[in-house]
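Inside the fold
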Amino acid sequence: MSFPLASIAVYSSVVFGVFSNTQRLLSQLRHGDTSHAPVLADVALASMVAGFVSVGIGTPVDLVKIRLQMQTQPYITANNKLKPTVTGFPMYRGPIHCFRTVLQKEGIAGIYRGVGAMLLRDVPGYCLYFIPYTFFCGWITPDGCISPNPSSVWLAGGIAGVISWGTATPMDVVKSRLQADGVYLNKYKGILDCILQSYQNEGLKVFFRGITVNAVRGFPMSSAMFLGYELSLKAMKRDQTETNP
């Protein structure tokens, strides 16, 4: 439990930091003022940059989480039940051991297994995360307000989370299958092969497995993240104002 919580905290901090700083840089380049309100193109570009950076950090983290989950479950195919290890002796002793084992056995390619699918999930996923948030936040915030109030941030962030996670679910399914592949046997040759095999064996509905859970989970999680993000920005701006009156 501690590993997923810690990884989410670091992962989210990096993504929001990259998004914010990229926006500021684009505003400086375009308008000569980092505080200038970003246009849609700037938000989209900053979202894409955040998505690319998130893949570099998130792919190994997701791989470790999935491998640790997989070792507690048997693999079933053609009515044959294969257990990963002898009972009482898991393959991995923890996140660090899992990372080291995969790196030793499969190399860097193993650590970044599923990176292509994660790119296809996160780059458009973060565009559908930050753009709806910016739109809804501006729409909900009353005219004349310099910055959105907490209730507007909470609602806009929640809606953005539902949209992002709902649309990212199909590629998230593919990414998870590719990262789980190799624990027992190598079943998929790549993204397209994984999509075709999954569709042939389980139908179109397999790509939307867990979409309800993702959407429901996405609302409170994203609301909290955006609220923390906006409050942190306000606090930093206030400190800068007090330091440089």
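You'll find the structure just up there.
Everything numeric here is computed off the predicted structure, so don't read it as measured data.

1. Thoughts on the packing of aromatic side chains
Inspection of the entire model under this criterion finds 14 aromatic pairs. With 3.7 Å between their ring centres and 10 degrees between their planes, Phe19 and Phe130 make a pair best called stacked. Here Phe19, found in helix α1 (residues 2–31), pairs with Phe130, found in helix α4 (residues 115–140); they are 111 residues apart in sequence, far enough to count as distant. For the pair formed by Phe19 and Phe130, the shared burial category is buried. Each ring, one from Tyr126 and one from Phe130, has its centre 5.9 Å from the other, and the planes form 20 degrees; the classification is stacked. Of this pair, Tyr126 and Phe130 both sit in helix α4, 4 residues apart, which is roughly one turn of that helix. For Tyr126, a relative accessible area of 12% translates into the label buried. We classify Phe130 as buried; its relative accessible area is 0%. A cation sits over an aromatic face here: Arg217 above Trp165, 4.9 Å from the ring centre.

2. Points about the environment of Ile66
Relative to the helices and strands, Ile66 resides in helix α2 (residues 40–70). The buried category is assigned to Ile66, whose relative accessible area is 12%. Sequence separation between Ile66 and Gln179 is 113 residues, and the spatial gap between their C-alpha atoms is 7.0 Å. Contacts of Ile66, omitting those with residues within four sequence positions, involve Lys175, Ser176, Gln179 and Ala180.

3. Focus on helix α6 (residues 191–202)
With 12 residues, α6 ought to run about 16 Å at 1.5 Å a step, and its terminal C-alpha atoms sit 16 Å apart, in line with that. Residues of α6 that are buried include every one of Cys194, Gln197 and Ser198, and no others. Buried residues of α6, viewed axially, fall in a sector of 100 degrees; they line one side. Exposed side chains of α6 directed beyond 90 degrees from the buried face belong to Leu192 and Gln200. Tucked inside the fold, the buried residues of α6 contact α5 (150–180). The first or second residue beyond α6 is Gly203, which carries a positive phi of 85 degrees.

4. Re the side chain of Glu230
Looking at the secondary structure, you find Glu230 in helix α7 (residues 211–243). Leave out the neighbours within four places in its chain, and Glu230 touches Tyr133 and Val153.

Conventions and cut-offs
Residues numbered from 1 in each chain as written. Predicted model: local features only at pLDDT ≥ 70, side-chain atom pairs only at ≥ 80, totals over all residues. Heavy atoms only, no water. Phe/Tyr/Trp six-rings, centres within 6.5 Å; stacked < 30°, edge-to-face > 60°. Helix = DSSP H or I, 4+ residues; strand = E, 2+ residues; numbered from the N terminus. Buried < 20%, exposed > 50% of the residue type's maximum accessible area, 1.4 Å probe, protein only. Lys NZ or Arg CZ within 6 Å of the ring centre and 35° of its normal. Contact = heavy atoms within 4.5 Å. Expected span 1.5 Å × (residues − 1). Arc of directions from axis to C-beta.

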